[in-house]
Amino acid sequence: MNRRKFLQNTALSGLGLTVGTSALAKTVSESNPNTEINKENYPLVIATWNVPNAVSKAWQTLQSGKSALDAIEKGCNVEEEDPNNSSVGYGGLPDRDGRVTLDACIMDEKGNYGSVVFLQNIVNAISVARKVMEETPHVLMAGDGAEQFAVSQGFKRQNLLTEKSKQAWQEWLKKSEYKPVINIENHDTIGMLAMDKDGTLSGGCTTSGLAYKMHGRVGDSPIIGSGLFVDNEVGAATATGVGEEVLKTVGSFLIVELMRQGKSPQQACEEAVDRIMKKQPDRRDFQVAYIAVNKKGEIGSYSIHEGFSYTIYQNGEMKNIKPGFWFDGK
Ligand code: SD4
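All figures in this text were calculated on a predicted structure; none of them were measured in a lab.

Criteria and cut-off values
Residues numbered from 1 in each chain as written. Predicted model: local features only at pLDDT ≥ 70, side-chain atom pairs only at ≥ 80, totals over all residues. Heavy atoms only, no water. Axes fitted to C-alpha atoms, helices over the stretch in contact; angles between N-to-C directions. Helix = DSSP H or I, 4+ residues; strand = E, 2+ residues; numbered from the N terminus. Parallel < 35°, antiparallel > 145°, perpendicular 65-115°, else oblique. Left-handed = near helix turned anticlockwise from the far one by under 90°. Contact = heavy atoms within 4.5 Å. Core = buried A, V, L, I, M, F, W, Y, C linked by side-chain atoms within 4.5 Å. Buried < 20%, exposed > 50% of the residue type's maximum accessible area, 1.4 Å probe, protein only. Pairing = 2+ DSSP bridges. Near = heavy atom within 4 Å. Polar contact = N/O pair within 3.5 Å; in protein donor to acceptor, adjacent residues only side chain to side chain. Nonpolar A, V, L, I, M, F, W, Y, C, P; charged D, E, K, R; others polar.

Draft legend 1. Summary view of the packing of helix α3 (residues 52-63) against helix α4 (residues 68-81). In contact at an axis separation of 8 Å, α3 and α4 are set at 150 degrees when each is read in the N-to-C sense. Classified by the interaxial angle, the pair formed by α3 and α4 is roughly antiparallel. The hand of the α3/α4 crossing is right-handed. Of α4, the residues touching α3 (which contributes N53, A54, K57, A58, T61 and L62) are A68, D70, A71, K74, G75, V78 and E79.

Draft legend 2. Representation of the nonpolar core within the structure. Formed by 46 residues in total, the largest nonpolar core has its most connected members in I255, M277, Y290 and I304. In this view, I304 contacts V273, I276, M277, F286, Q287, V288, F325, W326 and F327; residues no more than four positions away in its chain are not counted.

Draft legend 3. Geometry of the pairing of strand β1 (residues 44-48). β1 sits mainly inside the fold: five of its five residues count as buried. Alternating residues of β1 divide into L44, I46 and T48 and V45 and A47, and every residue in both groups is buried. Where β1 lies against strand β5 (residues 190-195), four bridges are found, and the strand directions are antiparallel. Counted as the bridge partner of V45 is A194 from β5. Note that β1 and strand β11 (residues 310-314) share five bridges and pair antiparallel. In the sheet register, T48 faces β11, and the bridge partner there is Y310.

Draft legend 4. Looking closely at the site of the ligand. By nearness alone, every residue bordering the ligand is listed as D188, T189, G209, L210, R217, G219, D220, S221, T240, G241 and G243. Between an oxygen atom of the ligand and a side-chain N or O atom of R217, the distance comes to 2.7 Å. For the shell around the ligand, the class distribution of residues is one nonpolar, seven polar and three charged.

Draft legend 5. How the structure looks around the sheet that holds strand β4 (residues 140-142). Spatially, β4-β3-β2-β6-β5-β1-β11-β12 is the arrangement adopted by the eight strands of the open sheet, whose pairing is mixed. Sheet topology places β4 and β12 (317-321) at the edges, where each strand pairs with a single neighbour. Averaged over all adjacent pairs, the angle separating strand axes in this sheet is 10 degrees, with direction ignored. In this structure, β5 lies alongside strand β6 (residues 201-207), joined through six bridges in antiparallel fashion. If you follow M192 over to β6, its bridge partner there is G204. Where helix α5 (residues 125-135) meets the sheet, its contacts fall on β2 (102-107), β3 (113-119), β4 and β6, and the angle it forms with β3 comes to roughly 130 degrees.

Purely geometric stuff here, so don't read any function into it on its own.
Here it is, written out as structure tokens:
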């Protein structure tokens, strides 16, 4: 709270008066640089990892006049359909029982959200999540029920385990050691945020989760506030890495709320990583990375380890950027 508002509130409460929440919200957004708009920075697309095909697809979708939500769905579909991406959709590495199970969610500028968890046999999990958002009274559907719903909406059942992923799993079975890999570079979970030409925000996240997880395990990616959060007044954030650590700190919601309080996207991402690492400063065996954008179209990103990168398309130019990381020099 700034000093002026603190004094104002103190004075009012001294008189036995309270300020309505809408008045407070107005003051916060008026004094917060994250809620300002800057059309020069729109449209933009940003996604976790080195995913030029997905980001280009989202960018082209925006250029064709479609919404940020459409851009997210179409962009994420590219990775879901790519058999070489071993962390998303078709070709995703299976759980320890050899089953590919998908998690995905999508969120629009009105705060609507749809999600699927533990979905099998359907490639485009994010599109099913969008159908949950738009065609059902629910926000989150799981397992067989989500699969049946997808089929009822016209999605085709398909075996998601490619020969390559099956072989990798059979190799893994020899030792059966569950050990999430720190970075799978450009073959990893995709979290994507997009702003259309007016600065309207949407986001999505889609994954096959951590390779060789226990059957039934669900990560952060499809959980609102953890793997993704969008607030069209302030900004948006999304995560990749070991989902258990993101879930425990509700990372994406935390970042958006920190931006609401006035932190830049960069400061907010750094604080979200700090929250994880403060409890276990010496643990070096897992990765988490965040990307965030504020309403102005400013970007932030931070990870625990080196090796994470994000892809951004802004001002007609696409770049892959390596952000700062927690263990730098530590
Ligand atoms: C999960 N966060 O299921 C996902 C996995 C991931 O990079 O992001 N891998 O925990």
